[in-house]
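Spelled out from the first residue to the last, the chains are:
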Amino acid sequence: PAGEDNLTIALSQTRQTRSIPDIASHSQTRVEAATFGAVAMLSVPLLSGERFIGALHALQPVAFSDAQIAKLEGVAGQVALVLDNLDLLNGLRSESERLEDVLEHLAEGVLVLENSASDSLIPELIGNRRAGSGRANAAARKLLGVAPRFSLTQLPAQVRASLEYDSSSLNIGEQRFEVLTKRSAARTVVVLQDVSAFDAAQRSKAEFLSVVSHELRTPLTSIIGFVDLMLSG
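Residues numbered from 1 in each chain as written. Predicted model: local features only at pLDDT ≥ 70, side-chain atom pairs only at ≥ 80, totals over all residues. Heavy atoms only, no water.

K.L.:
Before we move on, can you summarise the side chain of Gln60 with the specific residues and values?
P.N.:
Relative to the helices and strands, Gln60 resides in strand β3 (residues 51–60). Polar side-chain contacts of Gln60 include one of 3.2 Å to the backbone oxygen of Ala63. Those residues in contact with Gln60, other than ones at most four positions away along the chain, are Ala38, Val39, Ala40 and Gln68. (Helix = DSSP H or I, 4+ residues; strand = E, 2+ residues; numbered from the N terminus. Polar contact = N/O pair within 3.5 Å; in protein donor to acceptor, adjacent residues only side chain to side chain. Contact = heavy atoms within 4.5 Å.)

Now the structure itself:
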């Protein structure tokens, strides 16, 4: 805790290995002396670059030799590396969960197809020319009728054909989708964008213009007819 007088906090400030030959007489190590009955203590900081992760403390009945100090410093380096990798792994897992949450709640359908069979944070999808893997979000899975893990051959033939192009159109039932495909060396990302509402708006616009032009044409025809009579004398 902040403000507590202990050796770990001291190491976080100095970042230097500390050897204490008589821990019973040291204010920061008296508890260890009483608890373990040890005489000497060696404290090595666990560092990842400039970041202080923690401290490795060793106790024994006699003072630590230079060889023992060097060995424990090597051990501390390995421990720091493991802890740092665990932090990175936890960060990747958290980011993966966040990405999956985003994909699951997108209104548009998203497919992520892995191009290789190597391990991935995204579940693998095996099949055909794109040997490898991928996942679909909830919207795309429901739309295409596939499970969270599926083979490429389970996708509708029309969908598989659309993956050959950067942009294409796809009709599923009464819905029309724009299919946008982005490829990289590692994966292929496919976005299914529902444009049915846009199509409906376009139809409504066309119908409106048709009605308006028809309603205007009827009186204009009469006006033009009378003007022609007037001009003819």
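Moving on from the model shown.
K.L.:
Give me the lowdown on the sheet that holds strand β1 (residues 18–20), citing residues and values where you can.
P.N.:
Think of a sheet as strands paired side by side through backbone hydrogen bonds, with each pair either parallel or antiparallel. The strand order β1-β2-β3 describes an open sheet built from 3 strands, whose pairing is antiparallel. Across the chains shown, the open sheet's two edge strands, defined by having one partner strand only, are β1 and β3. Along the sheet, successive strands turn relative to each other by an average axial angle of 15°, direction set aside. Summarising the sheet, β1 and strand β2 (residues 40–48) pair through 3 bridges and their orientation is antiparallel. By the bridge assignment for β2, Ile20 is matched with Met41. Relative to β3, helix α1 (residues 7–14) is tilted by about 130°, and along the sheet it contacts β1, β2 and β3. (Pairing = 2+ DSSP bridges. Axes fitted to C-alpha atoms, helices over the stretch in contact; angles between N-to-C directions.)

Keep in mind these values describe shape, not function.
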